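# Structural features, examined
What follows is the residue order along each chain.
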Amino acid sequence: MAQTILHKAETRGHANHGWLNSYHSFSFASYYNPERMHFGALRVLNDDTVDAGKGFGTHPHDNMEIISIPLEGDLEHKDSMNNVAVIKNGDIQVMSAGTGIYHSEYNKDREHRVKFLQIWVFPNKKNVEPRYDQITLNADDRHNKLQQILSPNAGDEGVWIHQDAWFHLGKFDKGVNEDYQLKLKGNGVYVFVLNGDVKINDQQLHTRDGYGIWETDSFSITAETDAEFLLMEVPMEF
Amino acid sequence: MNKIQILTIGRHPEILQTVVRLVNNNPDWHCTGVITDEEAMAAFTSQAFDLVLLGGGIEKQSEERLCNVFKAHKPGIIILQHYGGGSGLLSAEIYEGLCGVKLG
């Protein structure tokens, strides 16, 4: 029988630093909740809003697969591998921090805020060579269907990471239903609702709710309203 | 009250420096950062540590060797993998590791 866990949006950790307003689905920085450490290999799901003209100064990372999905506005990225790029709504960015990188992320727009999801997945291989990539997704490819945006395979759709993980985005009209088949035995899926109401099997979810489901081969997704959501399939043991 | 003594090992000097600074931001913790296996073993056998953080870049062989030395010298020592490089995970990792360890 499927195991599940529900994280209502309002139960997430919250830190408002003025320039950065962040909601943490799992323990992060000063938010520590032993019951919310991770969902399998998914360790961080931060729902960040960065003020106009502000950003994260240069800081290090190592041994983590870091995925950023901008939801609104543009974010400039610079790193120690000499990558300078802007990620915008519709893009997905991935970094394998591996042996260590430095990077900064700024909202250079003086008028508009940036909203983005910051997602960290434990790698299945430590101390890999650091790597950066970003792609632009076609929004039409997720209208009333699931769009794969991340996988473990370089040749597959979307970006790739060092982990047996698959991410999908969906933008469903009210009433649309689809089954999700897990790719790998032992994996689970963490559903994060970007907006609208979604039903996973019999569980109703609302905007920014999170829902983990594992020990199952598949589950049903139904849009109760027009809705957008992110599915993150990750190994439960890693 | 004595501070929790933490030994951090990491091969990337700048990341190690960041980790040490972040750990030391907690007034109950004191962090010693080292880069090489030799420095780690010398520090561990000459000071009393409560917890060891294994940072980025440590080869598997080194990790096994260090863990064996630490456990032989102080059975029950808490040894944790630090992921993310001085990131938002650091405090939670240490809190998790310290569950059951009494301060001072």
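Our structure's up above, just so we're on the same page.
Residues numbered from 1 in each chain as written. Chains lettered and ligands numbered in written order. Predicted model: local features only at pLDDT ≥ 70, side-chain atom pairs only at ≥ 80, totals over all residues.

### A short note on the overall build of chain B
Along its length, chain B carries 4 helices and 4 strands. Beginning at the N terminus, the succession of helices and strands in chain B can be written as β-α-β-α-β-α-β-α. By residue count, 41% of the 104 residues in chain B fall in the buried class. (Helix = DSSP H or I, 4+ residues; strand = E, 2+ residues; numbered from the N terminus. Buried ≥ 20, exposed ≤ 12 C-beta atoms within 10 Å, placed from the backbone.)

### Concerning helix α1 (residues 13-24) of chain B
For α1(B), with 12 residues, the first-to-last C-alpha span of 16 Å sits near the 16 Å given by 1.5 Å per residue. Listing the buried residues of α1(B) in full gives B:Ile15, B:Leu16, B:Thr18, B:Val19, B:Val20 and B:Val23. Buried positions along α1(B) lie against β5 (55-61) of chain A together with β1 (4-9), β2 (29-34) and α4 (90-98) of chain B. (Expected span 1.5 Å × (residues − 1). Contact = placed C-beta atoms within 7 Å.)

### Description of the interface of chain B and chain A
Taken together, the contacts link 18 residues of chain B with 18 residues of chain A. Looking at side-chain class alone, the side of chain B that touches chain A contains 5 nonpolar, 11 polar and 2 charged residues. (Nonpolar A, V, L, I, M, F, W, Y, C, P; charged D, E, K, R; others polar.)

### Here we look at the environment of B:Thr8
Residue and element names in this part refer to chain B. Inspection of the secondary structure puts Thr8 in strand β1. Classification of Thr8 as buried rests on a count of 26 C-beta atoms within 10 Å. In this structure the C-alpha to C-alpha distance between Thr8 and Asn25, which are 17 residues apart in sequence, comes to 15 Å. The contact partners of Thr8, leaving out residues within four places of it in the chain, are Leu16, Val19, Val20, Val23, Cys31, Gly33, Leu53 and Gly55.

### A few points about the nonpolar core
All names here are of chain A. Core analysis: the biggest nonpolar cluster contains 80 residues, and Val121, Leu150, Ala165 and Val191 have the highest contact counts within it. Of the residues that make up this core, three or more belong to each of domain 1 (12-136) and domain 2 (139-235). Not counting chain neighbours up to four residues away, the residues in contact with Val191 comprise Ile200, Leu205, Gly210, Tyr211, Phe229 and Leu231. (Core = buried A, V, L, I, M, F, W, Y, C linked by C-beta atoms within 7 Å. Domains from an automatic or database assignment.)

### A short note on the packing of helix α2 (residues 37-46) of chain B against helix α3 (residues 60-73) of chain B
The axes of two packed helices give the description: the angle between them and the distance between them. Residues and elements named next belong to chain B. Close contact between α2 and α3 brings their axes to 10 Å; oriented N to C, the two are set at 10 degrees. The orientation of α2 relative to α3 falls into the category roughly parallel. Contact with α2, carried on its side by Asp37, Ala40, Met41, Phe44 and Thr45, involves Ser62, Arg65, Leu66, Val69, Phe70 and His73 of α3 and no other residues of that element. When grouped by side-chain class, the residues that make up the contact of α2 with α3 number 6 nonpolar, 3 polar and 2 charged. (Axes fitted to C-alpha atoms, helices over the stretch in contact; angles between N-to-C directions. Parallel < 35°, antiparallel > 145°, perpendicular 65-115°, else oblique.)

### Quick notes on the pairing of strand β9 (residues 91-96) of chain A
Within a regular strand, side chains alternate between the sheet's two faces. Residue and element names in this part refer to chain A. β9 sits mainly inside the fold: 5 of its 6 residues count as buried. Bridging between strand β6 (residues 65-72) and β9 involves 4 bridges; their strand directions are antiparallel. Residue pairing for β9: Ile66 is matched across the bridge by Met95. Alignment of β9 against strand β12 (residues 131-136), held across 6 bridges, turns out to be antiparallel. Paired with Ser96 across the strands is Arg131, a residue of β12. (Pairing = 2+ DSSP bridges.)

### Structural notes on the sheet that holds strand β4 (residues 78-81) of chain B
All names here are of chain B. The 4 strands are arranged β2-β1-β3-β4 in an open sheet whose pairing can be described as parallel. Edge strands, defined here as strands with exactly one partner in the open sheet, are β2 and β4. Across the sheet, the mean angle from the axis of one strand to that of its neighbour is 25 degrees, orientation sign disregarded. Pairing of β1 with β2 involves 6 bridges; the strand directions are parallel. Within the sheet, the bridge partner assigned to Ile9 lies in β2 and is Val34.

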